[in-house]
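Observations on the model geometry
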Amino acid sequence: MKRLLLHTCCAPCACGCIERLLAEKREVTLFFSNSNITTEAEFEKRLDSVRKFAEVFSLDLIVDPYRHADWLEHVSHVERFAEQPERGLRCTACFAWSLNRTAEKALELDMNYATTLTVSPHKKSETIFRLCENDPRFEAYNFKKQDGFKRSLELSRELELYRQNFCGCEFSERK
């Protein structure tokens, strides 16, 4: 079985995925790629939590450079949808950014890839799967299944991981 690059949006979401992958005897490397995060300070806060999580599970971690201005440009064609709740067209463009970055890194490393985004009840797994359906290296894990999100909550509390209350972009930040 090929090694797996796991796009990691945050440590709490990764909690709901990693136990399942390790139970399948997968060799997993975390890929923290989150240029959607509104500030570099928030990016670093989430990254610190992912580092802690990676250490607990003895996982390798690759950090994609923070490129928020490039991400904003990428999603600008749907900016008129900025006020939409999560799950809208803006989110689809954001997923495409992160998944493309992950696919490029996976190709470079000769790995398959998956994403922690599918553990969140706020994200449509079907949308994510559709974005990657033509890439044979993408593994379509629906981490919501088998109580993945519930487990992510439990583990993130046990490990005292930073748990944010918005996806990261300025469009979803709760006022």
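See the structure shown above.
Residues numbered from 1 in each chain as written. Predicted model: local features only at pLDDT ≥ 70, side-chain atom pairs only at ≥ 80, totals over all residues. Heavy atoms only, no water.

1. Some thoughts on the packing of helix H1 (residues 11-23) against helix H6 (residues 148-158)
Heads up, the rule is: Working convention: axes come from line fits to C-alpha atoms, limited for helices to the stretch in contact. Angles between N-to-C directions cover 0 to 180 degrees. We count a stretch as a helix when DSSP gives it H or I for four or more residues in a row; a strand needs E for two or more, and each element gets its number in order from the N terminus. Oblique is the label for any angle not under 35 degrees, not over 145, and not in the 65 to 115 range, which are roughly parallel, roughly antiparallel and roughly perpendicular in turn. Crossing handedness is read from the near helix: turned anticlockwise from the far helix by less than a right angle, it gives a left-handed crossing, and turned clockwise, a right-handed one. Whether two residues are in contact is decided by their heavy atoms, any of which lying within 4.5 Å being enough. Only Asp, Glu, Lys and Arg are considered charged in this grouping, and only Ala, Val, Leu, Ile, Met, Phe, Trp, Tyr, Cys and Pro are considered nonpolar; every other residue, Gly among them, is considered polar.
At a minimum axis separation of 7 Å, H1 and H6 run at an interaxial angle of 115°. Between H1 and H6, the crossing angle belongs to the class labelled roughly perpendicular. In terms of crossing hand, the pair formed by H1 and H6 is right-handed. Of the residues in H6, those in contact with Pro12, Cys13, Cys15, Gly16 and Glu19 of H1 are Gly148, Arg151, Ser152, Leu155 and Ser156. Residues of the contact of H1 with H6, tallied by class, amount to four nonpolar, four polar and two charged.

2. Comments concerning the pattern of salt bridges
Put simply, the rule reads: One speaks of a salt bridge when a side-chain nitrogen belonging to Lys or Arg is within 4 Å of a carboxyl oxygen belonging to Asp or Glu. Partly exposed residues are those whose accessible area sits between 20% and 50% of the maximum for their type, while under 20% is buried and over 50% is exposed, using a 1.4 Å probe and protein chains only.
Tallying each qualifying case throughout the model produces twelve salt bridges. Residues Glu42 and Arg46 are paired through a salt bridge, measuring 2.7 Å at the closest nitrogen-oxygen approach. With Glu42 and Arg46 both in helix H2 (residues 40-56), this residue pair falls four residues apart, about one helical turn. Note on Glu42: relative accessible area 10%, which makes it buried.

3. Here's the deal with the nonpolar core
Defined as follows: Buried Ala, Val, Leu, Ile, Met, Phe, Trp, Tyr and Cys residues that are joined via side-chain atoms within 4.5 Å together make up what is termed a nonpolar core.
Membership of the largest hydrophobic core comes to 41 residues, with the highest contact counts inside it found for Leu6, Leu21, Leu30 and Phe53. For this core, the secondary-structure elements that each account for two or more residues are strand S1 (4-7), H1, strand S2 (28-32), H2, helix H4 (89-109), strand S4 (112-115) and helix H5 (125-132). Ignoring anything within four residues of it in the chain, the contact list for Leu30 reads Leu5, Leu6, Thr8, Val50, Phe53, Ala54, Leu59, Asp60, Leu61 and Ile62. The next biggest cluster of nonpolar side chains, apart from the first, holds five residues, and it includes Val75, Ala93, Cys94 and Trp97.

4. A word on H6
Going by this rule: Directions pointing from the helix axis toward each C-beta atom define the arc.
Here H6 has its buried residues at Gly148, Ser152, Leu155 and Ser156. The buried side chains of H6 occupy one side of the element, clustering within an arc of 100° when seen end-on. Relative to its buried face, H6 has exposed residues pointing more than 90 degrees away, namely Arg157 and Glu158. Looking at the buried residues of H6, the elements they touch are H1. Among the residues trailing H6, Glu160 stands out with phi positive, at a value near 55°.

5. A look at the packing of aromatic side chains
We count it as follows: In this scheme Phe, Tyr and Trp rings, the latter by its six-membered ring, pair at centre separations within 6.5 Å, and the angle between planes marks the pair as stacked below 30 degrees, edge-to-face above 60, and tilted otherwise.
Across all of its chains, the model carries six aromatic pairs by this definition. Relative to Phe143, the ring of Tyr141 lies with its centre 5.0 Å away and its plane at 5°, an arrangement referred to as stacked. No difference in accessibility class separates Tyr141 from Phe143, as the two residues are buried. An aromatic cluster is defined as three or more aromatic residues linked by ring pairs; in this entry it consists of Phe32, Phe43 and Tyr66.

6. What about unusual backbone geometry?
For Gln146, which is not a glycine, the phi torsion comes out positive at approximately 60°. If you trace the backbone, Gln146 turns up in the loop between H5 and H6. In this model, Glu160 sits at a positive phi of 55°, which is unusual for a non-glycine residue. Judged by its relative accessible area of 65%, Glu160 is exposed.

7. Structural notes on the sheet that holds S2
Cut-off, in case you're wondering: At least two DSSP bridges between two strands are required for those strands to pair.
The sheet built from four strands is open, its strands ordered S3-S2-S1-S4 with parallel pairing. Sheet topology places strand S3 (60-63) and S4 at the edges, where each strand pairs with a single neighbour. Ignoring which end each strand starts from, the neighbouring axes of this sheet average 30° apart. As paired strands, S1 and S4 are joined by four bridges and run parallel to one another. Each bridged residue has a counterpart across the sheet, and for His7 the counterpart in S4 is Thr115.

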